[in-house]
Amino acid sequence: MAINLNYLKTFKILSENRHFSQTARELNIAQPAVSRQIKELEKQLGVTLFLRDNKRVELTPIGGLLSEHLAPLVSGLDNCLSEISNYNQKMSGEINIAAPKELGELVLVPFLKKFKAEHPFVRFHLSLGSTSEVNQMILEGKIDCAITLDLTDHENLNFYKLM
């Protein structure tokens, strides 16, 4: 039996708040859509899940049973989808960076350690050398970026003042 997961989520929310209009607001859908989904779910399962009158919605015993078993499943699915979404949004990659020895050791290394703690999927390859060695590495394409103290004018390089 294939059941639409959206119907189950609608059922779960309606079983918690017992109001069709509130459920619709929470799901950001129209109230008649909530009614249709619940009716379709009841039809697919072959049972009545809610007793309805003008102002009230109550779970039937079988609706209570479904709600009890469904709550941890929907919660687990929501958590799983959230983790997948967060994983896809994590910053990752590799950066080759160079700096003069003193600047690298005193400023860059502590900064990169802090950055790495917040973004564990980013890998750094740090090269330390003299300013002229750092400039040569960038010109030869051996590194992605450099932090230097000396702004050497070169037609193939772009410099940005950080401080």
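Up top is the structure these notes are about.
Below is a short write-up of the structure.

Once that is clear, we can look at the pairing of strand β4 (residues 122-129). Inspection of the sheet shows strand β3 (residues 93-100) paired to β4 by 8 bridges, in the parallel sense. Bridging across to β4, Pro100 finds its partner in Gly129. With helix α5 (residues 101-118) bridging β3 and its parallel neighbour β4, the resulting β-α-β unit is right-handed.

Moving on, we come to the nonpolar core. Grouped burial of nonpolar side chains is what soluble globular proteins tend to show. In this structure, Phe11, Phe20, Ile38, Leu41 and Phe50 are the most contacted members of the largest nonpolar core, which totals 15 residues. Counting only elements with at least two residues in this core, the list comes to α1 (5-17), α2 (20-27), α3 (31-45), β2 (57-59) and α4 (61-88). Tallying contributions element by element places α1 first for this core, with 4 residues. Contact partners of Ile38, with chain neighbours within four places excluded, come to Thr10, Phe11, Leu14, Phe20, Phe50 and Arg52. Within the second largest apolar cluster, 6 residues are counted, among which are Ala98, Val134, Met137 and Ile138.

The subject of this paragraph is the packing of aromatic side chains. Taken as a whole and assessed by the stated rule, the structure comprises 3 aromatic pairs. A network of ring pairs unites the aromatic residues Phe111, Phe115 and Phe124 as a single cluster.

It is worth spelling out the sheet that holds β4 at this point. Sheets are built from strands paired through backbone hydrogen bonds, the pairs being either parallel or antiparallel. If you walk across this open sheet you meet the 3 strands as β4-β3-β5, and the pairing is parallel. With one partner strand each, in any of the chains shown, β4 and β5 (145-146) form the two edges of the open sheet. Across the sheet, α5 lies against β3 and β4, angled at about 175° from β4, the strand it touches most. Contacting β3, β4 and β5, helix α6 (residues 131-139) runs over the sheet at an angle of about 145° to β3.

This part covers unusual backbone geometry. The phi dihedral of Arg18 falls on the positive side, at around 60°, and the residue is not glycine. Within the element layout of this structure, Arg18 appears in the loop between α1 and α2. Judged by relative accessible area, which is 28%, Arg18 ranks as partly exposed. Even without being a glycine, Asn28 presents a positive backbone phi close to 60°. Looking at the secondary structure, you find Asn28 in the loop between α2 and α3. Its relative accessible area of 69% is what places Asn28 among the exposed residues.

With 13 residues, α1 extends 19 Å from end C-alpha to end C-alpha; this agrees with the ideal 18 Å at 1.5 Å per step. Turning to α1, its buried residues number three or more, namely Tyr7, Leu8, Thr10, Phe11, Lys12, Ile13, Leu14, Ser15 and Asn17. N-capping of α1 is provided by Asn4, with a side-chain oxygen placed 2.7 Å from the backbone N of Asn6.

For the coordinates displayed, the defined rule picks out 7 salt bridges. Ionic pairing is found between Glu58 and Arg56, a salt bridge with its closest N-O pair at 2.8 Å. On the basis of relative accessible area, Glu58 is assigned to the partly exposed category, the value being 30%. Between Glu94 and Arg123 there is a salt bridge whose closest N-O contact spans 2.7 Å. Placement of the pair is Glu94 in strand β3 and Arg123 in strand β4, with a sequence separation of 29 residues. For Glu94, a relative accessible area of 43% corresponds to the partly exposed category.

The rules behind these values
- Residues numbered from 1 in each chain as written.
- Predicted model: local features only at pLDDT ≥ 70, side-chain atom pairs only at ≥ 80, totals over all residues.
- Heavy atoms only, no water.
- Pairing = 2+ DSSP bridges.
- Helix = DSSP H or I, 4+ residues; strand = E, 2+ residues; numbered from the N terminus.
- Right-handed = clockwise from strand over helix to strand, strands pointing away.
- Core = buried A, V, L, I, M, F, W, Y, C linked by side-chain atoms within 4.5 Å.
- Buried < 20%, exposed > 50% of the residue type's maximum accessible area, 1.4 Å probe, protein only.
- Contact = heavy atoms within 4.5 Å.
- Phe/Tyr/Trp six-rings, centres within 6.5 Å; stacked < 30°, edge-to-face > 60°.
- Axes fitted to C-alpha atoms, helices over the stretch in contact; angles between N-to-C directions.
- Expected span 1.5 Å × (residues − 1).
- Polar contact = N/O pair within 3.5 Å; in protein donor to acceptor, adjacent residues only side chain to side chain.
- Salt bridge = Lys/Arg side-chain N within 4 Å of Asp/Glu carboxyl O.

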